[in-house]
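Take a look at the letters that make up each chain.
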Amino acid sequence: RLKKIYKNIMQMVVFIVAPVLIFLAVLADPLFRFLFTGKWAPAVPYFQILCFVGILYPLHSYNLNILYVKGRSDLFLKLEIVKKILLVIVIAVTLQFGIMGLIWGQLISSFLAFFINTHYTGKFLNYNSWEQTKDILPIIFLAFIAGGIVFAIDYQLKELQYRNIYRLLIGGGVGAIGYYILAILFKVNSLYEFKKIILRK
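No experiment lies behind these values; they were computed from the predicted model shown.

Quick notes on the layout of surface pockets
Size it by volume and the largest pocket reaches roughly 290 Å³. Every residue lining the largest pocket is listed: Phe52, Ile55, Leu56, Leu107, Phe111, Phe114, Phe115, Thr133, Ile136, Leu137, Ile140 and Phe144. Contributions of two or more residues to the lining of the largest pocket are made by α3 (44-69), α5 (98-125) and α6 (129-159). Examining the composition of the lining of the largest pocket, we find that 5 residues originate from one element, α6, more than from any other. When the residues that make up the lining of the largest pocket are grouped by side-chain class, the tally is 11 nonpolar, 1 polar and no charged. Taken as a whole, the second largest pocket holds about 250 Å³ of empty space. Every residue along the wall of the second largest pocket is listed here: Tyr57, His60, Glu80, Lys83, Lys84, Leu86, Leu87, Gln106, Ser109, Ser110, Ala113 and Asn117. Those elements that place two or more of their residues in the lining of the second largest pocket are α3, α4 (73-94) and α5.

Structure, rendered in structure tokens:
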């Protein structure tokens, strides 16, 4: 039962977080220009990579919370030590490539940490990294498709020299509608679970 609850929560979180971060990555240029002016445009690539890093953060948190539920803070400490060693190695390798290299290293580190964090989840819940990946990958895939739609729309708006605020509003709106339609077409269970929570309130 705990496995089923965990699975539903994880999928629902990814269902919400993945499209938001992917849309932010796609619309990073007009977002930065609108909020911070064009002087901050060089920071856009860094922000885009960090958006993809953020997709995995909720999964790290939920996997580690399982150890607290099971009262195994000792294993939590063990995983943290392993991940810190991994992070030092990644930084040592990527430091020579500058800031961009460090940020890409953070993405790689986050990806590897996912498999480390799911090690004990697989034992305690019989829900390993491969099963978790299979459950969230379709949702992330749909979010990327919606992100592709946003990219195409924003590219046209940029060519037509629309103001940044309109690029954000139109791109974000079209992306949200497109993602919602895709979720209905592919019968994503998280959508119906999310609706139940909203209607219950």
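Some points on the pattern of salt bridges
Using the criterion set out here, one finds 9 salt bridges in the structure. Residue Lys3 pairs with Glu131 through a salt bridge whose shortest N-O separation is 3.5 Å. With Lys3 in helix α1 (residues 2-26) and Glu131 in helix α6, this pair connects stretches of sequence that are 128 residues apart. The class for Glu131 is partly exposed, based on a relative accessible area of 23%. For Glu80, the salt bridge is made with Lys84, and the minimal N-O distance between the two is 3.2 Å. You can see Glu80 and its partner Lys84 sitting in helix α4, 4 residues apart, about one turn around the helix. Taking relative accessible area as the criterion, Lys84 reaches 47% and is therefore assigned partly exposed.

Describing the packing of α1 against helix α8 (residues 189-200)
Remark: α1 packs on α8, axes separated minimally by 9 Å, with the N-to-C direction vectors making an angle of 95 degrees. The pairing of α1 with α8 is recorded here as roughly perpendicular in orientation. Contact residues: α1 offers Asn8, Gln11, Met12, Phe15 and Ile16, while α8 offers Asn189, Ser190, Leu191, Glu193, Phe194 and Ile197. In terms of residue class, the contact of α1 with α8 is built from 6 nonpolar, 4 polar and 1 charged.

Looking at the environment of Ile9
Mapped onto the secondary structure, Ile9 falls in helix α1. Take Ile9: its relative accessible area is 35%, and that puts it in the partly exposed class. Each C-alpha atom of the pair Ile9 and Glu193 lies 9.4 Å from the other, and the pair is 184 residues apart in sequence.

What about the nonpolar core?
Ranked by internal contacts, the top residues of the largest apolar core, which has 33 residues, are Val14, Phe15, Leu59 and Tyr179. If you list the elements that add at least two residues to this core, you get α1, α3, α5, α6 and α7 (164-185). Among the elements that take part in this core, α1 stands out by supplying 10 residues, more than any other. Discounting residues that sit within four places of it in the chain, Tyr179 has contacts with Phe15, Pro19, Phe23, Ile139, Leu142, Ala143 and Ala146. Counting residues in hydrophobic clusters, the runner-up holds 8 residues, among them Leu64, Leu67, Leu79 and Tyr120.

Quick notes on the rules
Residues numbered from 1 in each chain as written. Predicted model: local features only at pLDDT ≥ 70, side-chain atom pairs only at ≥ 80, totals over all residues. Heavy atoms only, no water. 1 Å grid on protein atoms, 1.4 Å probe; cavity = no way out; pocket = protein on both sides within 12 Å on 5 of 7 lines; lining within 4 Å. Points joined across faces, edges and corners; volume = space filled by probe spheres on them. Helix = DSSP H or I, 4+ residues; strand = E, 2+ residues; numbered from the N terminus. Nonpolar A, V, L, I, M, F, W, Y, C, P; charged D, E, K, R; others polar. Salt bridge = Lys/Arg side-chain N within 4 Å of Asp/Glu carboxyl O. Buried < 20%, exposed > 50% of the residue type's maximum accessible area, 1.4 Å probe, protein only. Axes fitted to C-alpha atoms, helices over the stretch in contact; angles between N-to-C directions. Parallel < 35°, antiparallel > 145°, perpendicular 65-115°, else oblique. Contact = heavy atoms within 4.5 Å. Core = buried A, V, L, I, M, F, W, Y, C linked by side-chain atoms within 4.5 Å.

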